[in-house]
Amino acid sequence: MRIFTASLATETNTFSPMYTDVHSFYQSFYAPPGQHPDTPTLCSAPLIACREYASSNANIEVIEGSCSWAEPGGLLNRQSYEQLRDEILLQLRQAMPVQAVLLGLHGAMVAQGYDDCEGDLLTRVREITGPGVFIGATLDPHSHLTPDRLKASDVLIAFKEFPHLDFMQCARDLVRLAVAAVQREVKPSMSSFDCRMIDVLPTSHEPMKSFITKIRQLEQQPSVLSISVIHGFMAGDVPYMGTQLLVVTDNEPELGQQLAKQLGLELFSFRGRTLPRFDSIETALTLAVQSKGTTVLADVWDNPGGGVAGDGTLILQQILARKLTNVAVGTIWDPMAVKLCFAAGEGARISLRFGGKSCATAGEPIDKVVQVVRLKANAEQQFADSSVPMGDCALIKFDGIDVILNTNRCQSFDPSLFRALGIAPEERSLLLIKSTNHFYQGFAPLAAQVLYVDAGAPYPSDPKRNGYRHLTRPIWPIVEEPFAL
Ligand SMILES: [Zn+2]
């Protein structure tokens, strides 16, 4: 059995000024055929799962295509998308005949002229393979589920957990299902239900935690091959933005449809109560100073994982105003400031302007005389099984505050980001990080308290105010009762 596998992924925040091109992929992650490292990335996990499977099954031959991933950002330019897409399509043509094509996708990529990049890619893959070849993909749940994707593929599997710690497991499930389908042991049939809502649905908290447990139990039935919750991605202004339920059965479309609807309506009943408490900056800082031990402050709406710059200063400005000390900030994206720090050298004291440069809403730049404490080229943090590049980083110190400045936009996944620059995070009173929920698993064990801080910007976090122009359906919370219409 010959399996072709490749990956092309990013998450497009169509409201973001951080435009994306082919260099954004080369900078974040790019592996041409045969050059993918042994560790998976979030979206290229199918390739690693294929290698694993082939290593213990002599009848499987894996043909590797290119894998690339760009940090979430603004609209992808047309030529860049077409170049990366066509590279994979050419590799597939050269690899034919194959019995299966397994792609690592994200599912929220939008390019100029393409509001459904993954639907376009899957359709072109199907044109090359023709019917009868298994086409499957893994998706990030923060994606859009479109008719083109469902039509062109046999199985789509989204990560169940948010944080997405189960991405390798989903990739292994996809490979297992692909092999079973090619060997005619199962006949996958996909059914979906449009939940007519958009919300943020962390599975580290109730009610989503129990919902995911229930879904895993349902998957134990032999007729149910896979169940995915497509959370949706509210920063993507595209026609099919919103939450959907996707059920893959073993050739039982009626059961699939019924289950998708039942679970989808249950999910709809959770709307508006899936998030942990979000505090204002003022409340969070008051709680932080009252607490002994380490407080983790998550700047939830300046999370580069959602496509914004990650250079916001709204919370740090207030920390400075309150003269709080023993604070570590990880990270603020500012390639220009990092360059100046590298030029000045470790130990230098310099006047530096940093942060707050990418847009009008994320706070003013900060001007300080700082000490350049540490410089590190190509720093990395860990996330589950993968290493996340932070780029060249500079640790600066002033007024009892340490700030890590980085050059590769990335969200704060794990305390290892502080250790990479020589900071012991558990010794700090306050850790300010930029992440909506992926940080939780890693940071909670060292924290006396974890506070989610709603600074109000720059992510478009209120669907009622985002002013979607391409959305075609009524969805909650823009419409109170979308099923009534
Ligand atoms: Zn996601």
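Above this text is the structure in question.
Heads up: these notes are all about the structure in this document. (Residues numbered from 1 in each chain as written. Predicted model: local features only at pLDDT ≥ 70, side-chain atom pairs only at ≥ 80, totals over all residues. Heavy atoms only, no water.)

In this section: the coordination of the zinc ion. Within the protein, the atoms that donate to the zinc ion are Asp140 (OD), Asp140 (OD), His142 (ND1) and His164 (NE2), at distances of 2.1 to 2.6 Å. Coordination at the zinc ion is irregular: its four donor atoms span angles of 54 to 145° at the metal. Here the donor residues of the zinc ion share one chain and are spaced in sequence as D-x1-H-x21-H. Taking relative accessible area as the criterion, Asp140 reaches 2% and is therefore assigned buried. Classification of His142 as buried rests on a relative accessible area of 12%. (Donors = N, O, S within 2.8 Å, 3.2 Å for Na, K, Ca; no water. Tetrahedral: all angles 85-135°; square planar, octahedral: opposite > 155°, others 65-115°. Buried < 20%, exposed > 50% of the residue type's maximum accessible area, 1.4 Å probe, protein only.)

Leu102, Met390, Ile404, Phe418, Leu421 and Phe443 are the most contacted members of the largest nonpolar core, which totals 75 residues. Ranked by residues supplied to this core, first place goes to helix H6 (residues 167–182) with eleven residues. Those residues in contact with Ile404 that lie beyond four places of it in its chain are Val329, Gly330, Thr331, Ile332, Cys393, Ala394, Leu395, Leu417, Phe418, Leu421 and Ile423. (Core = buried A, V, L, I, M, F, W, Y, C linked by side-chain atoms within 4.5 Å. Helix = DSSP H or I, 4+ residues; strand = E, 2+ residues; numbered from the N terminus. Contact = heavy atoms within 4.5 Å.)

On to the sheet that holds strand S9 (residues 244–250). The strand order S7-S9-S8 describes an open sheet built from three strands, whose pairing is antiparallel. Because the sheet does not close on itself, it has two edges, and the strands there are strand S7 (188–194) and strand S8 (224–230). For this sheet, the mean angle separating the axes of adjacent strands, direction not counted, is 15°. Each of S7, S8 and S9 is contacted by helix H8 (residues 253–268), which is oriented at about 30° to S7, the strand it contacts most. (Pairing = 2+ DSSP bridges. Axes fitted to C-alpha atoms, helices over the stretch in contact; angles between N-to-C directions.)

The values reported here are purely geometric and, on their own, carry no functional implication.
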